[in-house]
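Coordinates in review
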Amino acid sequence: MPEIKPITMPGTHDKFLKFFQKHVPPNMKVLDLGAGHGAFTKTLHEMGHEVSACDLFPEIFEFDPVECRKVDITSDFPYEDDFFDVIVAIEVSEHITDHQNFFRETNRILKPGGRLYLSTPNILSIKSRVRFLKTGFFYSFIPLDMKNYDGLQHVSSLTLDQYNYIAIRNNYGEAEVEIDKYQRSSVGLFILLYLALFLFRKNNKLNRLHNQRNLLFGRLLFLTFTKNSLQVVKR
């Protein structure tokens, strides 16, 4: 079978795979959400997991041993309640606007205690903060083409507390946070900006929230959300 190329930045799948292998035991029932051409689906299948795949454009999926179902993330997902052990969404969340439905539906189809693993560009890095100051756009975001609705543009830049807010509302715990690697540019900029950052240390609560080392220096965020065992109804 010809090589299936990921629709991500180079190296993203390799980094995410190491993160995934560290946390997920063998023989899980896994959904590859936003599977694209099927590169990570193929990897999961070869690892021995029971893999399902879905995408807004299933016609571009290239890994024949697994069926790719059409899923519009703004609508109901075509899967039963409490069905999957694990859901992975690699570089998906920045492409969608309805995160409420995304977290609600992934939670519904996960088993109690099941986990959602996602990767997304880290807009909270020093590099991203300086870029926003200079251009008005975070790292990995550019001005949107207002006539393009192909699902490939980066349309949503959420902070960690915003992800947690939506996740908790939909029966998850707070995110466990890891990164793919340190950005050397963020480390260098931190040294230059240290004095300015020191002046803001008085507000310790805010300082801890988004000034964790991983958030300041990481390129991509790897977030893990665990489904609560009991359903929590938010009114």
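Relevant structure appears above.
A brief structural summary.

Calculation rules
- Residues numbered from 1 in each chain as written.
- Predicted model: local features only at pLDDT ≥ 70, side-chain atom pairs only at ≥ 80, totals over all residues.
- Heavy atoms only, no water.
- Helix = DSSP H or I, 4+ residues; strand = E, 2+ residues; numbered from the N terminus.
- Buried < 20%, exposed > 50% of the residue type's maximum accessible area, 1.4 Å probe, protein only.
- Lys, Arg positive; Asp, Glu negative; His and termini not counted.
- Salt bridge = Lys/Arg side-chain N within 4 Å of Asp/Glu carboxyl O.
- Polar contact = N/O pair within 3.5 Å; in protein donor to acceptor, adjacent residues only side chain to side chain.
- Contact = heavy atoms within 4.5 Å.
- Pairing = 2+ DSSP bridges.
- Right-handed = clockwise from strand over helix to strand, strands pointing away.
- 1 Å grid on protein atoms, 1.4 Å probe; cavity = no way out; pocket = protein on both sides within 12 Å on 5 of 7 lines; lining within 4 Å.
- Points joined across faces, edges and corners; volume = space filled by probe spheres on them.
- Nonpolar A, V, L, I, M, F, W, Y, C, P; charged D, E, K, R; others polar.
- Disulfide = S-S within 2.5 Å.
- Axes fitted to C-alpha atoms, helices over the stretch in contact; angles between N-to-C directions.

1. Description of the side chain of E91
In this fold, E91 is placed in the loop between strand 4 (84-90) and helix 3 (99-109). Buried within the structure, E91 lacks any salt-bridge partner; R219 is the closest side chain of opposite charge, at an N-O distance of 7.8 Å. For E91, the side chain forms a polar contact with the main-chain nitrogen of T120, separated by 3.3 Å. Excluding residues that lie within four positions of it along the chain, E91 makes contacts with T8, T12, S119, T120, P121 and L220.

2. Observations regarding the pairing of strand 5 (residues 110-121)
Sheet topology note: the strand 4/strand 5 ladder contains six bridges and is parallel. The residue of strand 5 that forms the bridge with V88 is Y117. Each parallel crossover has a hand, and the one from strand 4 via helix 3 to strand 5 is right-handed. With seven bridges joining them, strand 5 and strand 7 (residues 220-226) adopt antiparallel strand pairing. Note on strand 7: the bridge partner recorded for S119 is F222.

3. Observations regarding the layout of surface pockets
If a probe the size of a water molecule is rolled over the atoms, the empty space left behind becomes visible. Roughly 990 Å³ of internal volume is contained in the largest pocket. Those elements that place two or more of their residues in the lining of the largest pocket are strand 1 (29-33), helix 2 (39-46) and strand 2 (50-55). Within the lining of the largest pocket, the residues separate by chemical class into 21 nonpolar, 14 polar and nine charged.

4. Structural notes on the state of the cysteines
Per the stated rule, a full pass over the model turns up zero disulfides. With no disulfide partner, C54 has as its closest neighbouring cysteine sulfur the one in C68, 6.5 Å distant. When its relative accessible area of 13% is taken as the criterion, C68 is described as buried.

5. Notes on helix 2
Within helix 2, burial applies to A39, F40, T41 and L44. Against the buried residues of helix 2 lie helix 1 (12-23), strand 1, strand 2 and strand 4. With its phi angle positive at about 100°, G48 sits one or two positions after the end of helix 2.

6. Focus: the sheet that holds strand 2
The mixed open sheet is built from seven strands, whose spatial order is 3-2-1-4-5-7-6. Looking along the sheet, the strands with just one partner apiece sit at the ends: strand 3 (68-70) and strand 6 (176-179). Ignoring which end each strand starts from, the neighbouring axes of this sheet average 20° apart. This element, helix 3, spans strand 1, strand 4, strand 5 and strand 7 of the sheet and lies at about 140° to strand 5.

7. Some remarks on unusual backbone geometry
Backbone geometry places N27, a non-glycine residue, at a positive phi of 60°. Summarising the element assignment, N27 is placed in the loop between helix 1 and strand 1. Look at N27 and you get exposed, because its relative accessible area is 60%. Phi at D82 is positive, roughly 50°, even though this residue is not glycine. Summarising the element assignment, D82 is placed in the loop between strand 3 and strand 4. Taking the relative accessible area as the measure of exposure, D82 reaches 40% and is therefore partly exposed.

8. Some remarks on the pattern of salt bridges
Within the structure shown, the criterion is met by eight salt bridges. As a salt-bridge pair, E105 and R108 come within 2.8 Å of each other at their nearest N and O atoms. On the criterion of helical spacing, the pair formed by E105 and R108 is a turn pair, its members being three residues apart in helix 3. The exposure class assigned to E105 is buried, which follows from its relative accessible area of 4%. One salt bridge in this structure joins D180 and R219, with 2.6 Å as the shortest N-O distance. Taken as a pair, D180 in the loop between strand 6 and helix 6 (184-198) and R219 in the loop between helix 8 (213-217) and strand 7 lie far apart in primary sequence, 39 residues in all. Assigned by exposure class, D180 and R219 land together as buried. A single network of salt bridges, built from pairs that share partners, joins D81, E105 and R108.

Just geometry here; none of it tells us what the structure is for.
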